[in-house]
Amino acid sequence: MRSHLGSWFLATATLGILSLVGLPAWAADAEIDRMLRSPAGKDWITNGGGLTNQRYSTLTQINTDNVGKLKGAWMTRLKGSGVGGKYSFEASPLVKDGIMYVITGNDDVFALNAKTGEILWEYWSGIDQKISTVCCGWVNRGLAMGEGLLFFGQLDAQVVALDMKTGKVKWKMPIEKWENGFSITSAPLYYDGLVYSGISGGEFGVRGRLTALDAKTGEIKWRWYTLPGPGELGSDTWPPGTDHSMRGGATIWNTPALDPDLGLVYFATGNCGPDYDGSMREGDNLFCASMVALKAKTGEYVWHFQQVHHDIWDYDAASPVVLFDTVIDGKPRKGIAEAGRTGWVYILDRTDGKPLIGIDEKPVPQEPRQKTAKTQPIPRGDATVPQCASPVPGFEKAACIFEPFWETPVLIQPSGLGGTNWSPMPYSPQTGYFYVPGTIRNGSFARFGDTFKLGQRYVGGTQAAPIGTQMSGTFTAIDATTNKIAWQHTTPYRLGGGGGSSVTAGGLVFRGDPDGSFIALDAKTGKELWRFQTGFGADAPPVFYEVDGEQFVAIAAGGNQLQGSANGDAVWAFSLKGQLGPLYPPPPPQTVAGPVGPIASGVNTIRIGGNNVEYSFVPSRVRIKKGESLNFVNVGDLPHGATAWQKAEWDTGVMPKGGEKSITFVETGNYYYICLPHPWMYGQVIVE
Ligand SMILES: [Cu+2]
């Protein structure tokens, strides 16, 4: 009787709650929607763990007392998918009912038995390997699920739905053409029948947008452009009578968050385009580098907050926004936060987009040719990385954040890689802390003129770290009620674009490290409690789940092209019953700036200023045989050259536009080289 009454009461109460928050009775997948509204528990069903993107799990079997005993339960290699220098592995696996789903940098999807690691089915994307509009490594940041389907975006700018049981394609919807500069790298969000997807391409002169698709059919229900057309809201922040806003970037690199009670979907936008040249786009340039709230059902604008006005530093808001509830000055508040490339966490009220703790507009240095904004928003509280650069020989000026520049390079920190790049920032309701990954790196910022060509790079300058300069990182707990540092680790490697993290009710923050280590920290104190070598760059954010009463933590380990960490195709799962020990450490990533990325073979020409990027060597890294020659051709507009770095053992001399010179390499060795007039340009020749 008691239980009968209890269930009647529960049903009535649930109905009451349902009608209070206005949930439609016809929810397409009521179970998934309910799970998405709660913190992650036994299952991890969306990239950010839930609609909040907190990456917080209620599981406690693995905790501060016993984490030292954690061992590998299984490790599975994904059949060579995403193996190669051009790839990054940044996806969080999803887990539901004992099955894990994971996507690689080649947009290939695998279903695994989450208890054993056995591969159950495979989807091979077959994407065109000649896609030339990938900005920063071939990457996919993850999946969403609902209505028995898995959803993801591909680098060819299609959104795809697979049957979760079989891996068969249910539908594919192109939301753009990659040939026009677009790609998709972010994990989508599923909720209440809609799939929300961002789009990338901010380095290719595109017009950013959030697209909502019908989960059943892929039909596009609405799209909200992050750059205003003529007469639209924000159009007065672009020069009148021009179409600069139509190629102004503001792309979306991250998974949205959603508040079902408020009916709002939230996301953050990337840099303005062209990245480093603001000379032709006078104004604040909405909605670049902004946090935005839209009505989740219709895509109608509700509010925005711009982190960087008239961005010329590539200061994307690339990390996912995080929703959290807190108490400030005795009042319950609904918060939203995002860790920017500027090194600050921006904390707002998610009902209206107003600062929760305080963000002050302050005057900043000016450069009239760049049409710099008069003021920038400065959050109260602590930055997580240094915001001033130190002098470097060969560079005239070292300066602090928001220093403008023109054609003479200026060293600035943070660089355009952050601060915090794409890496997520978990939040623990238990500690009230955000866990912020940071990158410390010099950027040598210089502007050059650039002409827009459809589907070509359109960046208007450079922010390369000078060859030989130090790079490192930080991992910081920020108190969400004060925006001040609770504890901070300085790390040997950059974390803002890798070393992803997540947090549990067991009092643990787990984070990967680009050197392959997987690390557990005490979430309250930061004390390191456990460390395990995965054998590959551990740059993806981990997840937690439970099968048959056994709780696991899992991480994809496959390295990161921008981090220069060891590439691979491994997924690791750990539990207290695990038996597997660590692997040998892979080669560690660079801590000193220099060429990174794929090494080309079979190449005999280096195009200087190629791919519509004036200050570039294309390809920047090559492997040749002893006795072979490389022909350096200046296809840029300015005089350039290639000179062996430090020892000047060989030199093309400075060549005018169209000039070329062949160099024969008679000794084996590893040669770095720079362009003497532009020492922030560099390349590498490996002679074997
Ligand atoms: Cu040059």
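Residues numbered from 1 in each chain as written. Predicted model: local features only at pLDDT ≥ 70, side-chain atom pairs only at ≥ 80, totals over all residues. Heavy atoms only, no water.

K.L.:
Could you clarify how one ought to interpret the coordination of the copper ion in this entry?
P.N.:
Four donors placed tetrahedrally around a metal ideally meet at 109.5 degrees, and six donors placed octahedrally ideally meet at 90 or 180 degrees. Protein coordination at the copper ion: the donors are His640 (ND1), Cys675 (SG) and His678 (ND1), at 1.9 to 2.2 Å from the metal. Here the donor residues for the copper ion map to a single chain with the spacing H-x34-C-x2-H. Placement of the pair is His640 in the loop between strand E43 (629–634) and strand E44 (643–644) and Cys675 in strand E46 (residues 669–675), with a sequence separation of 35 residues. (Donors = N, O, S within 2.8 Å, 3.2 Å for Na, K, Ca; no water. Helix = DSSP H or I, 4+ residues; strand = E, 2+ residues; numbered from the N terminus.)

K.L.:
How should the packing of aromatic side chains be read in this particular structure?
P.N.:
One pair of aromatic rings is described through two measures. These are the centre distance and the angle between the planes. Taken as a whole and judged by the stated rule, the model has 46 aromatic pairs. Taken together, a centroid distance of 4.9 Å and an interplanar angle of 70 degrees make the contact between Phe448 and Tyr615 edge-to-face. With Phe448 in the loop between strand E28 (443–447) and strand E29 (461–462) and Tyr615 in the loop between strand E40 (605–608) and strand E41 (617–618), this pair connects stretches of sequence that are 167 residues apart. Take Phe448 and Tyr615: they sit in the same class, and that class is buried. By the ring-pair criterion, three or more aromatic residues cluster together here, those being Trp44, Phe510, Phe518, Trp530, Phe532, Phe544, Trp572 and Phe574. In this structure, Arg511 is placed above the aromatic ring of Phe475, and the distance from its NZ or CZ to the ring centre is 5.4 Å. (Phe/Tyr/Trp six-rings, centres within 6.5 Å; stacked < 30°, edge-to-face > 60°. Buried < 20%, exposed > 50% of the residue type's maximum accessible area, 1.4 Å probe, protein only. Lys NZ or Arg CZ within 6 Å of the ring centre and 35° of its normal.)

K.L.:
When you look at the pairing of strand E17 (residues 290–295) in this model, what are you seeing that I'm missing?
P.N.:
In regular strands, side chains alternate between the two faces of the sheet. Of all 6 residues in E17, 5 are buried, a share of seventy percent or more. Two strands pair when backbone bridges link them, and strand E16 (residues 264–268) and E17 are joined in this way by 5 bridges, in the antiparallel orientation. Bridge pairing links Phe267 to Val292 in E17. Across 5 bridges, the pairing between E17 and strand E18 (residues 301–306) is antiparallel. Residue pairing across strands places Ala293 opposite Trp303, the latter belonging to E18. Here E17 folds back onto E18, and the loop between the two strands holds 5 residues, one of which, Gly299, carries a positive phi near 80 degrees. (Pairing = 2+ DSSP bridges.)

K.L.:
Explanation requested: the side chain of Arg511 in the structure shown.
P.N.:
Note that Arg511 resides in strand E33 (residues 508–512). Looking at Arg511, the relative accessible area reads 5%, which means it is buried. Within the local environment of Arg511, its side chain forms a polar contact with the side chain of Asp513, the two groups lying 2.9 Å apart. Those residues within four positions of Arg511 in sequence are excluded, and the remaining contacts are Phe475, Thr491, Leu495, Gly499, Gly500, Ser501, Ser517, Phe518, Ile519 and Leu521. (Polar contact = N/O pair within 3.5 Å; in protein donor to acceptor, adjacent residues only side chain to side chain. Contact = heavy atoms within 4.5 Å.)

K.L.:
What's the story with the nonpolar core in this structure? I'm lost.
P.N.:
Nonpolar side chains in soluble globular proteins generally cluster together in the buried interior. Within the largest apolar cluster, 96 residues are counted, with the highest numbers of intra-cluster contacts made by Tyr196, Phe510 and Tyr545. Among the elements that line this core, the one with the most residues is strand E37 (residues 550–557), at 6 residues. Residues Phe448, Tyr615, Met655 and Ile663 belong to the second largest nonpolar core, which totals 35 residues. (Core = buried A, V, L, I, M, F, W, Y, C linked by side-chain atoms within 4.5 Å.)

K.L.:
Just checking my understanding: could you explain the sheet that holds strand E20 (residues 331–339) for this structure?
P.N.:
What links the strands of a sheet is backbone hydrogen bonding, and the strands pair in either a parallel or an antiparallel sense. As summarised here, the arrangement of the 3 strands in space is E19-E20-E21, forming an open sheet in which the pairing is antiparallel. Bordering the open sheet on either side are strand E19 (322–328) and strand E21 (345–349), each of which pairs with just one other strand. The mean inter-strand angle of the sheet, taken between neighbouring strand axes irrespective of direction, is 35 degrees. The pairing of E19 with E20 spans 7 bridges and is antiparallel. Bridge pairing links Phe324 to Gly335 in E20. (Axes fitted to C-alpha atoms, helices over the stretch in contact; angles between N-to-C directions.)

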